[in-house]
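# Per-entry structural report
Here are the chains, one letter per residue:
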Amino acid sequence: MHILVLNGPNLNLLGLREPEHYGTQTYADLVNLLEAEAEKCGITIECKQSNHEGTLVDLIQEAYGKADGIIINPAAYTHTSVALLDAVKAVQIPTIEVHLTDPDTREDFRHVSYIRKGCIQTICGKGFQGYIEAMHAMIAYINNR
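These numbers come from a predicted model, not from an experiment.

Procedures and definitions
Residues numbered from 1 in each chain as written. Predicted model: local features only at pLDDT ≥ 70, side-chain atom pairs only at ≥ 80, totals over all residues. Heavy atoms only, no water. Helix = DSSP H or I, 4+ residues; strand = E, 2+ residues; numbered from the N terminus. Polar contact = N/O pair within 3.5 Å; in protein donor to acceptor, adjacent residues only side chain to side chain. Core = buried A, V, L, I, M, F, W, Y, C linked by side-chain atoms within 4.5 Å. Buried < 20%, exposed > 50% of the residue type's maximum accessible area, 1.4 Å probe, protein only. Contact = heavy atoms within 4.5 Å. Axes fitted to C-alpha atoms, helices over the stretch in contact; angles between N-to-C directions. Parallel < 35°, antiparallel > 145°, perpendicular 65-115°, else oblique. Left-handed = near helix turned anticlockwise from the far one by under 90°. Nonpolar A, V, L, I, M, F, W, Y, C, P; charged D, E, K, R; others polar.

What follows covers the environment of Q49. Tracing the backbone shows Q49 in strand β2 (residues 44–49). Between the alpha carbons of Q49 and Y77 there is a distance of 13 Å; along the sequence they are 28 residues apart. Here G8 takes part through its backbone oxygen, which lies 3.0 Å from a polar atom of the side chain of Q49.

As a further point, take the nonpolar core. Formed by 27 residues in total, the largest nonpolar core has its most connected members in I3, L14, L34, I45, I71, Y131 and M135. Going through the elements one at a time, β1 (2–7), α2 (27–41), β2, β4 (95–99) and α5 (128–143) are the ones with two or more residues in this core. Ranked by residues supplied to this core, first place goes to α5 with eight residues. Excluding anything up to four places from it in sequence, L14 contacts Y22, Q25, T26, Y27, L30, L100 and F128.

In contact at an axis separation of 10 Å, α2 and α5 are set at 30 degrees when each is read in the N-to-C sense. When the axis of α2 is compared with that of α5, the two are roughly parallel. Like other packed secondary-structure pairs, α2 and α5 cross with a definite hand, here right-handed. Between α2, through D29, L30, L33, L34, E37, A38 and C41, and α5, the contact on the second element is made entirely by F128, Y131, I132, M135, H136 and I139. Looking at the contact of α2 with α5 residue by residue, the classes come out as ten nonpolar, one polar and two charged.

Closest axis-to-axis distance for the helix α3 (residues 53–62)/helix α4 (residues 82–91) pair is 9 Å, and the angle between their directions is 5 degrees. It follows that α3 is roughly parallel to α4 by the angle criterion. Across the interface between the two elements, E53, L56, V57, I60 and Q61 from α3 touch A83, L84, A87, V88 and V91 from α4. Per-class residue counts for the contact of α3 with α4 are eight nonpolar, one polar and one charged.

The values are spatial; any link to function lies outside them.
Listed below in structure tokens is the structure:
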């Protein structure tokens with residue numbers, strides 16, 4: 001089983017960016033955590049991050065026929081990108097939306113998620129642990145199909 005983990009804009013700045021919201025762990029810490037958990041679960045993962053919407057769309061499209069599932073934190077593109085939603089719907093790869101914080105408890109403009117309509121589940125507000133939860137949920141979903 002192979003899962004693609006995508007992270008959107010500014011997540012490369014974890015540890016620096018608004019530590020009161022995102023904590024002090026880095027993006028490298030997140031990738032290391034996910035790779036270790038994937039190894040324990042006997043699956044492979046590929047972690048990618050981009051600050052560019054089109055690159056994220058390309059990565060979703062390139063996952064067709066390669067990835068069994070996608071875990072995505074679209075970050076700011078959650079609230080603006082119909083293109084990401086369309087890409088997820090086009091490739092029909094099961095996708096889980098994840099957010100480090102809970103957007104519903106933040107500014108009003110963060111309450112809208114375009115990509116959610118193309119996802120099988122959304123996990124919010126659990127920090128790095130939300131990614132681990134998403135990985136286990138994806139494994140269960142794929143195994144039960």
